[in-house]
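One letter stands for each residue in the lines below.
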Amino acid sequence: MNRAPGLSVRLRLTLSYAGFLMVAGALLLATVWVFLLRDFSVVSSRPGEFVPLRSVILRAYAPATAAVLAFLLVFGLLGGWILAGHMLDPLTRITYATRMAANGSLSHRIRLPGREDEFRELADAFDTMLARLEAHVAEQRRFAANASHELRTPLAISKALLDVARTDPDQDVGEVIDRLHVVNARAIGLTEALLLLSRADQRSFTREPVDLSLLAEEATETLLPLAEKHGVTIETCGDITPTAGSQALLLQLTMNLVHNAIIHNLPEQGTVRVSTGVRPETVVLTVENTGERISPQLASTLTEPFQRGTERVHTDHAGVGLGLAIVRTITRAHDGTLTLTPRSDGGLRVTVELPAMAPHTDR
Ligand SMILES: Nc1ncnc2c1ncn2[C@@H]1O[C@H](COP(=O)(O)OP(=O)(O)OP(=O)(O)O)[C@@H](O)[C@H]1O
Ligand SMILES: [Mg+2]
């Protein structure tokens, strides 16, 4: 922003200090004068001769008063300049850090030493903001790199398939088409997941009354054939759980969780339990499943985009690792909380807690 140049804060503080010192000094000297003039009216300089005291005092003290005031002015200006500089020093460091951040260097921190005061509070708040910004930017960069890598993989596979088909005339065309179809479907799935992620992140959806228990039922019904294929039994239970949000996004959230619970389960005789419940201010959807043991450290990273748990799980399921990231984004967009807890005998318990719908909109 272009502004007209003005007096610096340091100069203004200096002038104020000096001004106050002058006023205080002048008042003190004036008080001394008033007392002197009141207490002595006349004085004798020679026997029998009387001289008015006022003129004597004026002659004797006026130069001294002027000298004291001049000294106070110089002292005020000099001392004020040094003091103001000292006071404003933290501000210079904060400004420098702000400029560095504006130029793209988010790793610089102010780290103002000393005890707590207004400037240090501001500097600490600024450092915290920089740390969060830096983490956010790093996350975005990681996301972009991972997304590009994931999108490149199906394209590279398609290219390899096409190259082989072109150079080898004996290739079974039907087989190539089938494989291309699978690779293409995967690329479309990934792109759709990315689009969904950005749509949910923008919160550009209308809120309508939603019952989570109905969504849980719908998701389990849709995924029942998949569960049967994996030898997993699903159990659903729970109360009516009224909340407000996007029906489509919350269904997607439930589907992702139930899908995960089926896919990342035991190789045989796995179980999944989907339940819904109402708490005083919130509604809760819980999806629990049996499976491999998961450490709390691993569980805390699973919601990161493109994060897949153990390698072994991916022998038959080529997920991209966006399912839980989408669940997290949809939960956040609905002002809810997502909790992943490893179960003690293996598997995972995922809880989504959303604000309950206010009674007056409950219809
Ligand atoms: N219910 C669960 N039980 C055990 N592990 C799970 C469960 N849900 C997720 N995981 C682990 O977390 C990882 C990330 O899950 P996420 O849904 O984000 O990706 P994905 O299932 O691998 O791929 P997709 O993008 O197709 O969903 C999974 O690879 C898996 O290792
Ligand atoms: Mg998944």
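Residues numbered from 1 in each chain as written. Chains lettered and ligands numbered in written order. Predicted model: local features only at pLDDT ≥ 70, side-chain atom pairs only at ≥ 80, totals over all residues. Heavy atoms only, no water.

### Focus: the site of ligand 1
Near ligand 1 lie 19 residues; those nearest to it are Asn260, Asn289, Gly309, Leu322 and Leu324. Take glycine 323: an N or O atom from its main chain is 3.1 Å from an oxygen atom of ligand 1. Between leucine 324 and ligand 1, the recorded distance is 2.8 Å, taken from a backbone N or O atom to an oxygen atom. Contact with the protein chains covers 91% of the free accessible surface of ligand 1, which is 590 Å². Considering only residue class, the shell around ligand 1 consists of seven nonpolar, eleven polar and one charged. (Near = heavy atom within 4 Å. Polar contact = N/O pair within 3.5 Å; in protein donor to acceptor, adjacent residues only side chain to side chain. Areas by Shrake-Rupley, 256 points an atom, 1.4 Å probe, with all protein chains shown as cover. Nonpolar A, V, L, I, M, F, W, Y, C, P; charged D, E, K, R; others polar.)

### A closer look at the pattern of salt bridges
As enumerated under the stated definition, the model contains 16 salt bridges in all. Salt-bridge contacts for aspartate 163 lead to arginine 166; the nearest nitrogen and oxygen are separated by 3.7 Å. Of this pair, aspartate 163 and arginine 166 both sit in helix H3 (residues 118-167), separated by three residues, roughly a single helical turn. You can call aspartate 163 partly exposed: its relative accessible area is 29%. Residue classification places arginine 166 among the exposed residues on the basis of a relative accessible area of 69%. Ionic contacts of the salt-bridge type, sharing partners, join the residues Glu288, Arg343, Asp345 and Arg349 into one network. (Salt bridge = Lys/Arg side-chain N within 4 Å of Asp/Glu carboxyl O. Helix = DSSP H or I, 4+ residues; strand = E, 2+ residues; numbered from the N terminus. Buried < 20%, exposed > 50% of the residue type's maximum accessible area, 1.4 Å probe, protein only.)

### Quick word on the packing of aromatic side chains
Per the counting criterion, the structure on display carries two aromatic pairs. An angle of 20 degrees between the planes, with centres 5.7 Å apart, marks the rings of phenylalanine 71 and phenylalanine 75 as stacked. Placement of both phenylalanine 71 and phenylalanine 75 in helix H2 (residues 53-102) is noted, with a separation of four residues, approximately one turn of the helix. The class for phenylalanine 71 is exposed, based on a relative accessible area of 53%. Between phenylalanine 143 and phenylalanine 306 the ring centres are 5.6 Å apart and the planes differ by 45 degrees, which places this aromatic pair in the tilted class. (Phe/Tyr/Trp six-rings, centres within 6.5 Å; stacked < 30°, edge-to-face > 60°.)

### A few points about the domain arrangement of the protein
Taken domain by domain, the protein comprises domain 1 (9-105), domain 2 (143-202) and domain 3 (208-355). Between the C-alpha centres of domain 1 and domain 2 there is a distance of 81 Å. (Domains from an automatic or database assignment.)

### Brief notes about the packing of helix H5 (residues 212-229) against helix H6 (residues 247-263)
Between H5 and H6, the shortest axis-to-axis distance is 9 Å and the interhelical angle comes to 40 degrees. Taken together, the axes of H5 and H6 are oblique relative to one another. Seen from above, H5 lies across H6 with right-handed handedness. Along the contact surface, H5 presents Leu212, Leu215, Ala216, Glu218, Ala219, Thr220, Thr222, Leu223, Leu226 and Ala227, while H6 presents Gln247, Leu250, Leu251, Thr254, Met255, Val258, His259, Ile262 and Ile263. Here the residues of the contact of H5 with H6 sort into 13 nonpolar, five polar and one charged. (Axes fitted to C-alpha atoms, helices over the stretch in contact; angles between N-to-C directions. Parallel < 35°, antiparallel > 145°, perpendicular 65-115°, else oblique. Left-handed = near helix turned anticlockwise from the far one by under 90°. Contact = heavy atoms within 4.5 Å.)

### What about a nonpolar patch on the surface?
Together, Leu7, Leu11, Leu15, Leu73, Leu77, Leu78, Trp81 and Ile82 line one region of the surface with nonpolar side chains, adding up to about 720 Å² of accessible area. Counting residues per element, the ones that place at least two in the nonpolar patch are helix H1 (9-39) and H2. Residue contributions to the nonpolar patch peak at five residues, all from H2. Positionally, leucine 77 belongs in helix H2. Looking at leucine 77, the relative accessible area reads 35%, which means it is partly exposed. (Patch = residues over 30% accessible without salt bridge, like charges linked within 9 Å, V, L, I, M, F, W, Y side chains within 5 Å.)

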